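Each chain is listed here by its residues.
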Amino acid sequence: MSATTKAQMPSTRSASTWQHRLAERGVDRRLWLLLPATIFVLLLFVYPFLYGLSLSFQPMNGGGVLANYNKFFGDAYQRDTIATTLKIALPAALLNVLAAVPIAFRLRGRFRGKRLLTTILVVPITLGTVLTAQGLLNYLGPTGWFNRVLLDLHIVDNPIRLTNNYWGVFFSLVITGFPFAFLLVLSYLSGIDPTLERAAATLGASKAQRFRRITLPLLAPGLATTFLLTFVLAFSVFPSAVLVGNPAGSTRVISLAAYQAAYEQYDYSYASAIAMVMGVVELVVVAVVLLWRSRLYTGSTGGKG
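Now for a quick tour of the structure. Worth saying up front: this structure is predicted, and the values here are computed from it rather than measured.

Conventions used here
- Residues take numbers from 1 onward in each chain, read along the sequence in its written order.
- Residue-level local features of this predicted model are given only where pLDDT is at least 70; pairs of side-chain atoms are given and counted only at 80 or more, and the full residue set underlies all totals for whole chains, interfaces and linings.
- Side-chain measures here rest on the full set of heavy atoms in the structure, leaving out hydrogens and waters.
- Just to be clear on terms, a salt bridge is a Lys or Arg side-chain nitrogen sitting within 4 Å of an Asp or Glu carboxyl oxygen.
- Secondary structure elements follow DSSP: runs of H or I no shorter than four residues count as helices, runs of E no shorter than two count as strands, and numbering proceeds from the N terminus.
- A 1.4 Å probe rolled over the protein chains alone gives each residue an accessible area, and that area as a share of the maximum for its type sets the label: buried under 20%, exposed over 50%, partly exposed in between.
- Aromatic pairs are defined between Phe, Tyr and Trp rings, using the six-membered ring for Trp, whenever the two ring centres lie within 6.5 Å; interplanar angles under 30 degrees are classed as stacked, those over 60 as edge-to-face, and all others as tilted.
- Two conditions define a charge located above a ring, namely a distance within 6 Å from the ring centre to NZ of Lys or CZ of Arg, and an angle within 35 degrees of the ring normal.
- Contacts described as polar in this section are N or O atom pairs within 3.5 Å, which, within protein, must combine one atom able to donate a hydrogen with one able to accept it, while residues neighboring in sequence count only if both atoms come from side chains.
- Residues count as neighbours in contact if any of their non-hydrogen atoms are within 4.5 Å of one another.
- Nonpolar cores were defined as sets of buried Ala, Val, Leu, Ile, Met, Phe, Trp, Tyr and Cys residues, with membership established by side-chain atoms within 4.5 Å.

Re the pattern of salt bridges
Then, number 1: Scanning the entire structure with this criterion turns up one salt bridge.
Then, number 2: Residue Lys-71 is joined to Asp-267 by a salt bridge in which the shortest nitrogen-to-oxygen separation is 4.0 Å. Residue Lys-71 is found in helix α3 (residues 67-74), and its partner Asp-267 is found in the loop between α12 (254-263) and α13 (268-296); the two are separated by 196 residues along the sequence.
Then, number 3: Here Lys-71 falls in the partly exposed class, since its relative accessible area comes to 39%.

Brief notes about the packing of aromatic side chains
Then, number 1: According to the stated counting rule, one finds 18 aromatic pairs in the structure shown.
Then, number 2: Here the aromatic residues Tyr-166, Trp-167, Phe-170 and Phe-171 are joined through ring pairs into a cluster of three or more.
Then, number 3: Across from the ring centre of Tyr-270, 4.3 Å away, lies the NZ or CZ of Lys-71, which sits over that ring.

Here's the deal with the side chain of Thr-132
Then, number 1: By the secondary structure assignment, Thr-132 is in helix α6 (residues 124-140).
Then, number 2: Separated by 2.7 Å, the side chain of Thr-132 and the backbone oxygen of Gly-128 make a polar contact.
Then, number 3: If near-sequence neighbours (up to four positions away) are discounted, Thr-132 is found in contact with Leu-127, Ser-172, Ile-175 and Thr-176.

Examining the environment of Tyr-166
Then, number 1: Looking at where Tyr-166 falls in the secondary structure, it is placed in helix α8 (residues 166-190).
Then, number 2: Under the relative-accessibility criterion, Tyr-166 is labelled partly exposed at 24%.
Then, number 3: A C-alpha to C-alpha distance of 6.0 Å links Tyr-166 and Thr-251, two positions 85 residues apart in sequence.
Then, number 4: Ignoring sequence-local partners within four residues, the contact set of Tyr-166 consists of Lys-87, Ile-88, Pro-91, Ser-250 and Thr-251.

What to know about the side chain of Asp-267
Then, number 1: Overall, Asp-267 belongs to the buried group, its relative accessible area being 4%.
Then, number 2: Once you skip the residues sitting within four places of it in the chain, Asp-267 turns out to touch Met-60, Lys-71, Ala-261 and Ala-262.

Some words on the nonpolar core
Then, number 1: With 56 residues, the main nonpolar core has Phe-182, Ile-254 and Ile-274 as its most contacted residues.
Then, number 2: Among the elements of the structure, α3, α4 (76-107), α5 (114-122), α8, α10 (207-235), α12 and α13 are those that each provide at least two residues to this core.
Then, number 3: With eleven residues, α8 is the largest single contributor of residues to this core.
Then, number 4: Excluding residues that lie within four positions of it along the chain, Ile-274 makes contacts with Phe-72, Gln-78, Ile-254, Ala-257, Ala-258 and Ala-261.
Then, number 5: Within the second largest apolar cluster, five residues are counted, among which are Ala-133, Leu-140, Leu-162 and Val-244.

Observations regarding unusual backbone geometry
Then, number 1: If you check the backbone angles, His-154 has positive phi at about 60° while not being a glycine.
Then, number 2: Structurally, His-154 can be placed in the loop between α7 (145-152) and α8.
Then, number 3: Exposure remark for His-154: the relative accessible area of 69% places this residue in the exposed category.
Then, number 4: Positive phi outside glycine occurs at Asn-164, with the angle close to 55°.
Then, number 5: Within the secondary structure, Asn-164 is located in the loop between α7 and α8.

This is the structure in structure tokens:
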């Protein structure tokens, strides 16, 4: 045996011992593949969050560490943006989930034209917020085809306002959020074993009973997750509130308040405080929904749900 080989043996044994010790603690080589993703999350998510949190306690004009938060909650014009955003995001997320369930339930089977119909339903993902807003202005605006038809048929005397207000933002969130809700619900439904429903059918259960007693409980965790994801997407609404809403009035959402603090008032610490409030409100809604889910159904979901 050469001297070089003898020198390499101790290092090889120490490496093997080190790997063995890590394996005993449940750490193997495959877990090291998570290291790049962990670094990515730390650099692009955790660090910005911690930086924004610390910045929110450093008010630009002094007044104590909680001055920015006192400023926000002490101003009704700013504080009301929370309720305004919730009034838009919660109904939009709920409608997306409720609309996605029956459609996904029908499309989980096999029939002719399924792929085409699925493609049509998810096309709004490719449009983006700006194109969606432009389409709403063209079709539902005061001079759009919808109002023109109503006026030509003498159903209304004046155009119905469906844009540049609450409804414009609401429709935009429904259009852009439904494809995500539909794909998620379809995925969860596909993970439920269909033999469970067949077994219930052999015992005399109707379609409504099978859905209420079997499918819905198994789908409940997936519905909660889908609602939360669509809610977070809707709660961070910004372009729609400006393009098809009334950013100075009924659709002045909290993200717009943070933007104005940062890029109009150049008070980045105040903007960070508003962003932290925004995150806390989202976490409260997430906690409430997860608590409801745990009380509604516990146990295995029977699939992806």
